Amino acid sequence: METGTMLCTDRETPLIKVSHLGITFGGLRAVNDFSLEMGENELVGLIGPNGAGKTTVFNLLTGVYTPSEGDYYFCGQRMNGRKTHEIVQSGIARTFQNIRLFSKMTVLDNVKVAMNPHYEYNVFAAMLRTGKYWASEAENDKKSRELLEIFNLQDKADAVAENLPYGQQRKLEIARALATDMKLLLLDEPAAGMNPTETEELLECIRIIRQRFNISILLIEHDMSLVMKICERIIVIDYGTTIARGTPEEISQDPRVIAAYLGTDD
Amino acid sequence: MNMPKKNKQAALINIAALSILLGIVAYLGFTRALSSYIVGIFWLSCIGIIMATSLNLTNGFLGQMALGHAGFMLIGSYSSALLSLAMVRAGVLAGGGAQQLARFIICLIFSGLLAGLFGILVGIPALRLRGDYLAIITLGFGEIIRVVIQGIPWAGGDGLSQGSASPVLFKTGLGFNNATKSHYMFFVGLVTVLCVSVIYTFIRSRFGRAIISIRDDEIASSASGIDITFYKVTTFAFSAVFAGIAGSIFAACYSSLNTGNMGFMASVNYFVMVVFGGMGSITGSIVAAIGLTSLNEALRSFDEYRMLVYSIVLIFMMIFRPAGLLGTYEFSLAKTVSYLRGPGAKSKKKKEVQA
């Protein structure tokens, strides 16, 4: 499966530009003045202690919450206030901290759901099973299987999703996100609950998909070794506020980050 | 054609089997070999099948508890009864034979579309809710439809300009007698087959996958680019279309209509069929619809105890077989045939059980 037409042909426009994004729940400022700019094929890490607002940032970017202030542009288009499915269709897809698969559907169908907009037949063609229906079904069936192959899930295509082992469920979730044909992938703690071998496999996986699909990835992760290994830039937030940004080396020596994670003496 | 060979074979087997079945029904119907009692059960079973499979779309596949399905049936039956009555009184296609059939077909289409329209109107506000709340609000809408129809002067009494506000509509333009009902068995069977086929192909398409994904996880579904509100309302309206068609057949089945027959209890009745057969199994809905309709007729004399029996059966069902009689299993004739041909058959596969 190849990535679709890139919307951002203009090199001047960043893939995503987030400026001063914030959200307030009642009296609580969950995210404050969050800014981010990412180009094509970048891998940025978003870290911070528990409850810092990382997932809230994801929810803001994917339209689960509407930001109280600030704007964000994806491929030059303003995305504030759009619905989740519209945002996904314009090219931002995500995975979830606690895996959310269509647990009773087969592995293959999980991927096919995300491919829904790429099917070319309408409801009448579906009910009458016209030639277009069969052609489109066959084409997307092939694409889905190819995608599963990348994640080494091709043999599990007909298995029910909830019966997969944990590591493979994570992979399937990423495969499903990829099937939406997106340009920016938001991974919410992909290595959570994985053993070292599985984490290693996942790292490899992320490298492969990034190269192959030429996508950018924004990653939330607690596993510091993973973050340090693969991220080019890191943003650290604490209590909803960005406290540091820079390369992994800069971040690992930043006193504010160390304070946020380990606490200070005074 | 792009249809794969295997599917072509399956389609041919299915069409052949259904043709034979409908041929038998046609023969029995036209020779009037069956008693009017059996013919009545056949009609009611067909109505039950259409109602249960279409309700299964919302309850089983979309996973939304809707309890007002009989309300749409009510719209379908009254709209076709009044439309046909208007046609008869105006002298349009008023005769018997082919004209009667044409009138029936027009009524089927009209009532389906009208019920679908009401499905959209009810669905948009109602489907913002979930679970028990949705069940209660759809139940409420079903009752509202019933009460409104009772209050419309031209939808009661002798109908149209001779009507009066009443729960009973004494005249319909359809209202087939026993001989006509026997002759029309073939047609009603055909309509049922068409409805079920359309629902089945709908489920086995990208739309069906989108709907089932909403049932499994709404948040993940919208994060996969599925427009949840659109699919919910569309499916709800789509299932209402079939309830309208079933209502139209219902109107043809009786010489008069009574709103009381399509109230809350009727909705529960069809809901029981869906739960009984298995939420998410069209085969299950068909089996349960035929079984429960026949049982209802057989136990006519114990009518008061029916709900008692239902509740006990449902309680046992929830304890011992919570997924329903068939779960999400679908019967496939083609697979059964290839299975019966023995282990030598090339395309032999284990039976499709979508657990």
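Predicted, not measured: the structure shown is a model, and the values here were computed from it. (Residues numbered from 1 in each chain as written. Chains lettered and ligands numbered in written order. Predicted model: local features only at pLDDT ≥ 70, side-chain atom pairs only at ≥ 80, totals over all residues.)

Turning to the pairing of strand β8 (residues 216–220) of chain A, a few remarks are in order. Residues and elements named next belong to chain A. Burial within β8 is extensive, with five of its five residues counted as buried. Side chains S216, L218 and I220 project from β8 onto one buried face, and the interleaved I217 and L219 project onto a second face that is buried too. Two strands pair when backbone bridges link them, and strand β3 (residues 43–47) and β8 are joined in this way by four bridges, in the parallel orientation. Each residue of the ladder has a partner; that of G45, found in β8, is L219. Where strand β7 (residues 184–188) and β8 come together, five bridges link them in parallel fashion. Note on β8: the bridge partner recorded for L184 is S216. On the question of chirality, the crossover connecting β7 to the parallel β8 by way of helix α7 (residues 196–213) is right-handed. (Buried ≥ 20, exposed ≤ 12 C-beta atoms within 10 Å, placed from the backbone. Helix = DSSP H or I, 4+ residues; strand = E, 2+ residues; numbered from the N terminus. Pairing = 2+ DSSP bridges. Right-handed = clockwise from strand over helix to strand, strands pointing away.)

The α-helix winds at 3.6 residues per turn, so residues separated by three or four positions along the chain end up facing the same way. Residues and elements named next belong to chain A. Between its first and last C-alpha, helix α6 (residues 166–179) extends 20 Å over 14 residues, near the 20 Å set by a 1.5 Å rise per residue. Where burial is concerned, most of α6 is hidden: 11 out of the 14 residues are buried. For α6, the complete set of buried residues consists of Q168, R170, K171, L172, E173, I174, A175, R176, A177, L178 and A179. Close packing links the buried residues of α6 with β6 (92–94), α3 (107–114), α5 (131–150), β7 and α7. One or two positions beyond α6, positive phi appears at D181, with a value near 65°. (Expected span 1.5 Å × (residues − 1). Contact = placed C-beta atoms within 7 Å.)

Between chain B and chain A, the contact holds 25 residues from the first and 31 residues from the second. At the level of elements, α7 (185–203), α8 (206–216) and α9 (218–223) of chain B are the ones that each hand at least two residues to the side of chain B that touches chain A. It is α8 of chain B that provides the largest number of residues to the side of chain B that touches chain A, a total of seven residues. Among the residues forming the side of chain B that touches chain A, the class breakdown is 13 nonpolar, seven polar and five charged. (Nonpolar A, V, L, I, M, F, W, Y, C, P; charged D, E, K, R; others polar.)

Residues and elements named next belong to chain A. In the predicted model, chain A carries a mean pLDDT of 89, and the fraction of residues at 70 or more is 95%. In the model of chain A, helix α10 (residues 255–262) stands out as the element of lowest mean pLDDT, 84, in contrast to α3, which has the highest, 96. Across residues 1–6, where pLDDT falls below 50, the model places nine contacts with residues more than four positions away in sequence or in other chains. (pLDDT = per-residue confidence, 0-100.)

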